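Okay, here's what each chain looks like letter by letter:
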Amino acid sequence: TMSHSHPTNTSLSELHLLGIPGLQHLHHWISIPFCIMYLITLAGNSTLLYVIKADPSLHLPMFLFLCMLAVTDLVMSTSITPKMLNILWFRSTAISLDNCLAQMYFVHASTAMESGLLVAMAFDRYVAICNPLRYLSILTSPTVAAIGLANLLRAVVFMSPLTFQIRRLPLCSPAVVDHSYCEHMAVLKLACTDAAFSNTYSLSVSTYVVSSDCLLITLSYTLILRAVLNLSSPQALKKAFSTCSSHFCIIALLYVPGLLSMYMESYHQELPRYVQVLLANIYLLIPPAFNPLIYGIRTKQIRDGARRVI
C-alpha cells in the first residue's frame, strides 16, 4: 500500500512506523509485556499521585518531587505506548507528520525532565541525610517549585530545536521509519538533505544532559554514603545501602539503554536493528513502571499514607 516513489522534495504529511523491525512475526507476543508495563505505569503512578494528594502528612519536598516524577512518567509512557500497541496489534503503522513531531517532542522532553528529576531527588536525599535539621528550611515550597520549573524549562529549551529542525527539513518518500515510535534520529534518516547538524545537535544535547545529570547524582550519593558510613548503627547502614542501590538500578535502567540506543543509531552499529529499537523501548517503558514501586511502595511514609487513605 505504501508508494515507493522516487524521493520527492515535498514535506510528507504522513509517515509509517514499522514497529520492531525484523520481529514483525513476534509483534503480538512483544505487545504482552509492553501492555502489562503500561498498565502498571498507569496504576502505580496514578495511585502514588492520589495518595500523596490525599494525605497532608506527605506534602513534603521529597514527595512533591515524586509527584513530578509520576506525572513525567505518565506523559512519557502515554506518548508512545498507545500508538505502539496499535502498531503491534492492528498493524496501523500510519502517523501524521504533526502527530509524529508531537510524539517526538513529548518523548524527548519527558526523558530530559525525568533525568533532571532524578538529580533533584538525589539532592533531596542528600539534604535529608546530611543536613536533617535544616531540611525544611533549605527545601521550602518555593524552592521545590523553582527546581521543578527550571527542570521543565531546561527540557523545553533543549528539546524544542529537535522538533523544529525536522519541521524545516524536506523529507523523502517512502516515508518509512524503522522504529516503533517517532525517535528523532530514526525520523532524521528520511531527510533528503544533509542532516548532520541535527544529528550532532541531538547527540551533543543528550550526552550533555546525561553526563552532567549522572555526575550530580553520583556526587549526591557519594556524599550520602560518606555521611552514612560515619553512622555507627548497622541498621541505618543497611537501610541507606538498600535505598541507594535500588535508586541506582532504576537510574541505570533509564540512562544505559537510552544512550546505547542513541549511539547505535548514529554510528550504524552492525547489530540487528531490533536490538536498538528494543533498547529504545526499554528505557521509556521500564522506569515509569518501576519508579512508583522503588520510590513509592518501598517508602514507609507512602505505605502508611496509602493505608490511611484506603
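- With an unreviewed UniProt entry as reference, the chain is termed Olfactory receptor, source organism Thinocorus orbignyianus.
- Taken directly from UniProt, the Sequence similarities (unreviewed entry) text for the chain runs: "Belongs to the G-protein coupled receptor 1 family."
- Check the Function (unreviewed entry) section of the UniProt entry for the chain; it says "Odorant receptor."

**Concerning the pairing of strand E1 (residues 14-17)**
Part 1 of the argument: One ladder, built from three bridges, connects E1 with strand E2 (residues 94-96); its direction is antiparallel. From the neighbouring strand, His-16 faces E2, where its bridge partner is Ala-94.
Part 2 of the argument: As paired strands, E1 and strand E3 (residues 176-177) are joined by two bridges and run parallel to one another. The partner of His-16 across the bridge, within E3, is Val-176.

**Some remarks on the packing of aromatic side chains**
Part 1 of the argument: Considering all chains together, one arrives at five aromatic pairs under this definition.
Part 2 of the argument: With a centroid separation of 6.0 Å and 75° between ring planes, the pair formed by Tyr-105 and Phe-106 is classed as edge-to-face.
Part 3 of the argument: Judged by relative accessible area, Tyr-105 falls into the partly exposed class, the value being 21%.
Part 4 of the argument: Exposure remark for Phe-106: the relative accessible area of 44% places this residue in the partly exposed category.
Part 5 of the argument: Ring centres of Phe-197 and Tyr-201 lie 6.4 Å apart, and the angle between their planes is 35°; this geometry places the pair in the tilted category. In this pair, Phe-197 and Tyr-201 are both assigned in helix H7 (residues 196-229), four residues apart and thus about one turn of the helix distant.

**Focus: the pattern of salt bridges**
When the charged atoms of two side chains lie near each other, side chains of opposite charge can form a pair.
Part 1 of the argument: Tallied over the entire structure, the rule returns five salt bridges.
Part 2 of the argument: A salt bridge links Arg-308 to Asp-55; the shortest N-O distance between them is 2.8 Å. Linking Arg-308 in helix H10 (residues 300-309) with Asp-55 in the loop between helix H1 (27-54) and helix H2 (61-90), this pair joins segments that are 253 residues apart in sequence.
Part 3 of the argument: Relative accessible area serves as the criterion here: at 51%, Arg-308 is assigned to the exposed category.

**Some details on the state of the cysteines**
Part 1 of the argument: Applying the stated criterion across every chain, the model contains two disulfides.
Part 2 of the argument: Here Cys-100 is linked by a disulfide to Cys-182, with a sulfur-sulfur distance of 2.0 Å. Taking the torsion about the sulfur-sulfur bond, which here is approximately -120°, the covalent link between Cys-100 and Cys-182 counts as left-handed. Pair noted here: Cys-100 is in helix H3 (residues 97-130) and Cys-182 is in the loop between E3 and helix H6 (184-188), with a separation of 82 residues, a long-range link.

**Structural notes on the side chain of Thr-111**
Part 1 of the argument: One can find Thr-111 in helix H3.
Part 2 of the argument: A relative accessible area of 13% places Thr-111 in the buried class.
Part 3 of the argument: In contact with Thr-111, other than residues within four places in its own chain, are Met-76, Tyr-283 and Leu-284.

**Some words on the confidence of the model for the chain**
Part 1 of the argument: On average, residues of the chain score 84 in pLDDT, and 95% of them reach the 70 mark or higher.
Part 2 of the argument: Counting contacts from residues 1-11, a segment whose pLDDT is below 50, to residues more than four positions away or on other chains yields 18 contacts.

**Some thoughts on the sheet that holds E3**
Part 1 of the argument: In spatial order, the strands read E2-E1-E3; together these three strands make up an open sheet with mixed pairing. Each edge of the open sheet carries a strand with a single partner, namely E2 and E3.
Part 2 of the argument: Against the sheet, H3 makes contact with E1 and E2, and its axis sits at roughly 85° relative to E2, the strand it touches most.

**Quick look at the nonpolar core**
The nonpolar side chains of a soluble globular protein tend to be buried with one another.
Part 1 of the argument: The biggest cluster of nonpolar side chains holds 55 residues, and the ones touching the most others in it are Phe-34, Ile-52, Leu-66, Ile-217, Ile-251 and Tyr-295.
Part 2 of the argument: Among the elements of the structure, H1, H2, H3, H7, helix H8 (234-267) and helix H9 (273-297) are those that each provide at least two residues to this core.
Part 3 of the argument: Tallying contributions element by element places H2 first for this core, with eleven residues.
Part 4 of the argument: Filtering out sequence-adjacent residues up to four positions away, Tyr-295 remains in contact with Leu-66, Leu-69, Leu-118, Met-121, His-247, Ile-250 and Ile-251.
Part 5 of the argument: Within the second largest apolar cluster, 20 residues are counted, among which are Leu-17, Leu-101, Ile-166 and Cys-182.

**Describing the UniProt feature "transmembrane region" (unreviewed entry) in the chain**
Part 1 of the argument: As recorded in UniProt, the sites labelled "transmembrane region" (unreviewed entry) are residues 29-51, 63-85, 105-123, 135-157, 208-229, 241-263 and 275-297.
Part 2 of the argument: Secondary structure across residues 208-229 comprises 100% helix and 0% strand; the distance between its end C-alpha atoms is 31 Å.
Part 3 of the argument: In residues 275-297, the share of helix is 100% and the share of strand is 0%. The end C-alpha atoms are 32 Å apart.

Criteria and thresholds
Every chain is numbered on its own, with residues counted from 1 as its sequence reads. Reporting of local features is limited, given that this is a predicted model, to residues whose pLDDT is at least 70; pairs of side-chain atoms are given and counted only at 80 or more, and all residues count toward the totals for whole chains, interfaces and linings. Side-chain figures throughout are based on the complete set of non-hydrogen atoms in the structure, without hydrogens or water. UniProt positions are given in the numbering used here, feature names are shortened, and annotations may be inferred rather than shown by experiment. Any two strands with at least two DSSP bridges between them are considered paired. Secondary structure elements follow DSSP: runs of H or I of four or more residues count as helices, runs of E of two or more count as strands, with numbering from the N terminus. Pairing of aromatic rings covers Phe, Tyr and Trp, the last counted by its six-membered ring, and requires centre-to-centre distances within 6.5 Å; plane angles under 30 degrees mean stacked, over 60 mean edge-to-face, and any other angle means tilted. Relative accessibility decides the category of a residue: with a 1.4 Å probe and only protein chains considered, values under 20% of the type maximum give buried, values over 50% give exposed, and everything between is partly exposed. Salt bridges are counted wherever a side-chain nitrogen of Lys or Arg sits within 4 Å of a carboxyl oxygen of Asp or Glu. For this text, the term disulfide refers to a pair of cysteine sulfurs within 2.5 Å. Pairs of residues are marked as contacts when any of their non-hydrogen atoms sit within 4.5 Å. Think of pLDDT as the predictor's per-residue confidence, scored from 0 to 100. Axis definition: a line fit to C-alpha positions, over the contact stretch in the case of helices; interaxial angles, taken between N-to-C directions, run 0 to 180 degrees. Put simply, a nonpolar core is a bunch of buried Ala, Val, Leu, Ile, Met, Phe, Trp, Tyr and Cys residues held in one set by side-chain atoms that sit within 4.5 Å of each other.

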